[in-house]
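# Fold and contact review
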Amino acid sequence: MDVVLTHHHDVLAALHAPEQFSNKVSSHLNVPNGMDGSEHLAYRALIEPFFSAAVLTQFQPKLQVVIDELFDSIASHNIVEISDTIGHQFALQAQCAFMGWPVALEQRLTAWMAAQKAATVAQDRPALHALAAEFSALVIKQLERARHGENDPQSITAKLTQLQLNGEPLSDEYLVSIIRNWTVGELGTIAAAVSSIIEFLAANPVVQKQLRKAPEHIDHAIDELLRIAAPLPSNRRRTTCPVTLGDQHIDSDTLVRIDWRAANRDPQVFDQPEQFQWHRDPSLNLLYGAGIHVCPGKPLAQLELRLFAEALLMRVPHIE
Ligand code: HEM
């Protein structure tokens, strides 16, 4: 039977013992999250520079355009549906802008994600297989365009095609896996985060007022509110040997689910865990994980969520 880790200290113990808790949980290629040891290290080192301060400084004006256009499109509405109209739109447009992809691709990805959701709910394996192939074809077309100099040579997609490991370029299969994670893989997480930010500000007028006065605290507030409303429910590991965590014995080769939501609301670590508090120790917050698989996209996610929240507070005088 699968095991679920819900206590903060058990989750931390598992995250910091990757030799006992392997990330090889599926037969599908997942670069770098489904990798262990030196292989993980090598791919991780390749992708980290894509989230450096210099890259994000270049991306910031493009992201601001996405946000301004989104708020322009809802400016005349008094009531706006949050999840699809704002959360998903923003996540998709921001990730496509980051990759340097054309707007037409956003529409195709929207249709692709609707089909993917329907096939997942129906557990329709042939449809999921066909959709995976369709996603690969869409991405490979963008990689080909980049290789032929048909888009901005400075774009993230173009730079990914120039990556090399041991003197060899990365295969399309590996590039598609990396890109799947950065785009459709993260859309749900970013969309959920955006929805939670809006919902939280609407329900907490005091914090809303504080942030309007002191927007420099937005990053801190978002990390704390997303500790309570986890946008990413869980990740998996597989034990490589028998392990004892507290009084729990776990057999070798057991699938283990890390429940981020439960761990980040563990009452043994967070006093009144459901409550937003300004003065918590940020190092205890597991929103972006910990250990060798800690989220490399954190600076990008924080930039996207901060600029979004700044615009929200500036452009929407009353959030209810
Ligand atoms: C609010 C937004 C986000 C949250 C809450 C989040 C959270 C996380 C967490 C908890 C992990 C650790 C998973 C594990 O231990 O198995 C992780 C890993 C990862 N995240 Fe994020 N993430 C976010 C956004 C992003 C973005 C925008 C990107 C890239 C565009 C990204 C790329 C990755 C990658 C590549 C990994 C795997 C790292 C590895 O295995 O070494 N994430 N993320």
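Refer to the structure presented above.
Figured I'd write up the structure that's included with this text. What you see is a predicted model, and the numbers here were worked out from it, not measured in a lab. Along each chain, residue indices are assigned from 1 in the same order as the chain's sequence is written. Only residues with pLDDT of 70 or above have their local features reported here, since the model is predicted, and side-chain atom pairs are shown and tallied only from 80 upward, although totals for entire chains, interfaces and linings are computed over all residues. With hydrogens and water stripped out, all remaining heavy atoms of the structure feed into the side-chain values.

## Looking at the overall build of the chain
Numbering goes from the N terminus for both helices and strands, where a helix is a DSSP run of H or I of at least four residues and a strand is a run of E of at least two. The helix and strand tally for the chain stands at 13 helices and eight strands. Our radius of gyration looks at C-alpha atoms and nothing else; its globule reference is 2.2 Å times the residue count to the power 0.38. Radius of gyration (C-alpha) of the chain: 20 Å, near the 20 Å computed for a compact globule of 320 residues. The contact definition used throughout considers only heavy atoms, calling two residues in contact when any of these lie within 4.5 Å. Partitioning the contacts of the chain with sequence separation of at least 6, the portion at a separation of at least 24 is 71%. Charged residues are defined here as Lys and Arg on the positive side and Asp and Glu on the negative side; His and the ends of the chain fall outside this count. The atoms used to mark charge sites are NZ of Lys, CZ of Arg, CG of Asp and CD of Glu. Here the chain contributes 25 positively and 37 negatively charged side chains, and the mean placements of these two sets differ by 2 Å.

## Overview of unusual backbone geometry
That bond from Val31 to Pro32 is cis: its omega, 0°, falls within 30 degrees of zero. Topologically, Pro32 is positioned in the loop between β2 (21-22) and α2 (37-47). If you check the backbone angles, Gln123 has positive phi at about 50° while not being a glycine. Positionally, Gln123 belongs in the loop between α5 (103-121) and α6 (125-147). Residues other than glycine seldom take positive phi values, yet Asn166 does so here, at roughly 50°.

## As for the pairing of strand β8 (residues 255-259)
Burial status follows relative accessibility: with a 1.4 Å probe on protein chains alone, a residue under 20% of its type maximum counts as buried, one over 50% as exposed, and anything between as partly exposed. Where burial is concerned, most of β8 is hidden: four out of the five residues are buried. In short, DSSP must find at least two bridges between two strands for them to pair. Across three bridges, the pairing between strand β1 (residues 3-5) and β8 is parallel. Counterpart to Leu5 in the pairing with β8 is Ile258. Pairing between strand β5 (residues 234-239) and β8: five bridges, direction antiparallel. Paired with Arg238 across the strands is Leu255, a residue of β8.

## Some details on the sheet that holds β5
With mixed pairing, four strands are arranged side by side in an open sheet as β1-β8-β5-β2. A single partner strand is all that each edge strand has here, and the edge strands are β1 and β2. Pairing between β2 and β5: two bridges, direction antiparallel. Directly across from Ser22, in β5, lies its bridge partner Arg238.

## A short note on helix α11 (residues 218-228)
One full turn of an α-helix is made of 3.6 residues, so residues set three or four places apart face in the same direction. The buried count for α11 comes to nine of eleven residues, which makes it a mostly enclosed element. Restricting attention to buried positions, one finds in α11 the residues Ile218, Ala221, Ile222, Asp223, Glu224, Leu225, Leu226, Arg227 and Ile228. Check the buried side of α11 and you find it contacts α9 (184-203), α10 (205-213) and α13 (298-315).

## With respect to the coordination of the iron atom of the ligand
With water omitted from the atoms examined, metal sites may look incomplete; donors here are N, O and S atoms no farther than 2.8 Å from the metal, or 3.2 Å in the case of Na, K and Ca. Donation to the iron atom of the ligand from the protein comes from one atom only, Cys295 (SG), at 2.3 Å. For Cys295, the location among the structural elements is in the loop between α12 (260-263) and α13.

## Things to note about α5
One less than the residue count of a helix, multiplied by 1.5 Å, gives the span that helix is expected to have. The end-to-end C-alpha separation of α5 is 28 Å, in line with the 27 Å expected for 19 residues at 1.5 Å each. Listing the buried residues of α5 in full gives Leu105, Glu106, Leu109, Trp112 and Ala119. The buried residues of α5 occupy an angular sector of 145° when projected down its axis, which confines them to one face. Opposite the buried face of α5, by more than 90 degrees, sit the exposed residues Val103, Ala104, Gln107, Lys117 and Val121. Check the buried side of α5 and you find it contacts α4 (83-99), α6 and α9. Once α5 ends, the next one or two residues include Gln123, with phi positive near 50°. Here the arc refers to the set of directions running from the helix axis out to each C-beta atom.

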